Amino acid sequence: MTTCFRRRHLIGLPLAAALPFAALPVRAQNLAALSDLDASKGVRTALELGAAAAVQLLGRPDGFLGNPQVRIPLPGHLRDVAKLLAATGLRRQVEELETAMNRAAEAAVPMAANLLRDAVRKMTVDDARRILTGGDTSVTEFFASRTREPLTGTFLPVVRQATAKVELAGKYDRVAGRAAGMGLLKPEDASMDHYVTRKALDGLYFAIGEQEKKFRRDPLGSGNAIIGKVFGALR
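Residues numbered from 1 in each chain as written. Predicted model: local features only at pLDDT ≥ 70, side-chain atom pairs only at ≥ 80, totals over all residues. Heavy atoms only, no water.

Q: Can you help me understand the overall build of the chain in this one?
A: Helix and strand counts for the chain stand at 11 helices and zero strands. Of the regular secondary structure in the chain, the N- to C-terminal order runs α-α-α-α-α-α-α-α-α-α-α. Evaluated residue by residue, the chain yields a buried proportion of 40% over its 235 residues. The contacts in the chain between residues at least 6 apart in sequence include a share of 76% that link residues at least 24 apart. Accessible surface, the chain: about 12700 Å² in total, of which carbon and sulfur atoms supply 57%. (Helix = DSSP H or I, 4+ residues; strand = E, 2+ residues; numbered from the N terminus. Buried < 20%, exposed > 50% of the residue type's maximum accessible area, 1.4 Å probe, protein only. Contact = heavy atoms within 4.5 Å. Areas by Shrake-Rupley, 256 points an atom, 1.4 Å probe, with all protein chains shown as cover.)

If you want it as structure tokens, here you go:
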């Protein structure tokens, strides 16, 4: 085979085959070098720590109410209704309603801890690999797909008990029902209890995702050797 032919032959090969292993992207080499055991252990540890931190952050007084990133407002069209109610002398009741919504979420979140831990324990090696290479929302998507439905059932009674004490809660459901019937509000938001439950879960998964981003940005800063090793392979 002539030198010229060999060159043409190499040019026609896929890049990964034509280049020596040392020239492949460092990240791909690092990920390939991770054992399934290390990948699973690192991701599992990150999920456990991230979920625990999110529950601790949100499941306390002002965890929702004092955090603008997850604070639960009245939904869509009802914000205008709330302004009207406030203008007619019901400002205090509107504020009480919004406070109760967020306090309900704060009371419900600690009940998520066990289900989140169970989801992590049942994670497979394939789950771990997908999470590791899936980007900043992969953990949020994993937890939401595994826990949103059962947590909805867990949160609802807690939320219902908290909002039942508020004078405007019944009025919310009546106004929201009419607004949903006119297409001004999502059907799932026509019940205060269901709306608060959904937003509480959204806030929880958001907070878990923020913890994941920290691990990805600064794996060594986690202070955990296996997280540093596994997520450091992504850099």
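From this point on, the discussion continues.
Q: Please explain the nonpolar core as it appears in this structure.
A: General note: in soluble globular proteins, nonpolar side chains tend to be found buried as a group. By size, the foremost hydrophobic cluster in this structure holds 53 residues, and its most contacted members are L47, F143, L204 and I208. Within the residue set of this core, elements represented by two or more residues are α4 (36-58), α5 (78-108), α6 (113-121), α7 (125-133), α8 (138-163), α9 (169-181), α10 (192-217) and α11 (225-232). In terms of residue count, the dominant contributor to this core is α10 (10 residues). (Core = buried A, V, L, I, M, F, W, Y, C linked by side-chain atoms within 4.5 Å.)

Q: Even after reading the chapter, I still don't get the side chain of N102, so can you show me in this structure?
A: Position of N102 among the secondary structure elements: in helix α5. Given a relative accessible area of 0%, N102 falls into the buried group. Among the polar contacts listed, one links the side chain of N102 to the backbone oxygen of E98, at a separation of 2.8 Å. Not counting residues within four places of it along the chain, the set of residues in contact with N102 comprises F64, L65, R71 and I72. (Polar contact = N/O pair within 3.5 Å; in protein donor to acceptor, adjacent residues only side chain to side chain.)

Q: I'm lost on the packing of α6 against α8 in this one. Help?
A: To describe two helices that pack against each other, one gives the angle between their axes and the distance between the axes. Where α6 meets α8, the axes come as close as 10 Å, and the angle between the chain directions of the two elements is 145 degrees. With respect to the hand of their crossing, α6 and α8 are arranged in right-handed fashion. Residues L115, L116, A119 and V120 of α6 form the contact with α8, whose participating residues are F142, F143, R146, T147, P150, L151 and T154. Split into classes, the residues belonging to the contact of α6 with α8 amount to eight nonpolar, two polar and one charged. (Axes fitted to C-alpha atoms, helices over the stretch in contact; angles between N-to-C directions. Left-handed = near helix turned anticlockwise from the far one by under 90°. Nonpolar A, V, L, I, M, F, W, Y, C, P; charged D, E, K, R; others polar.)

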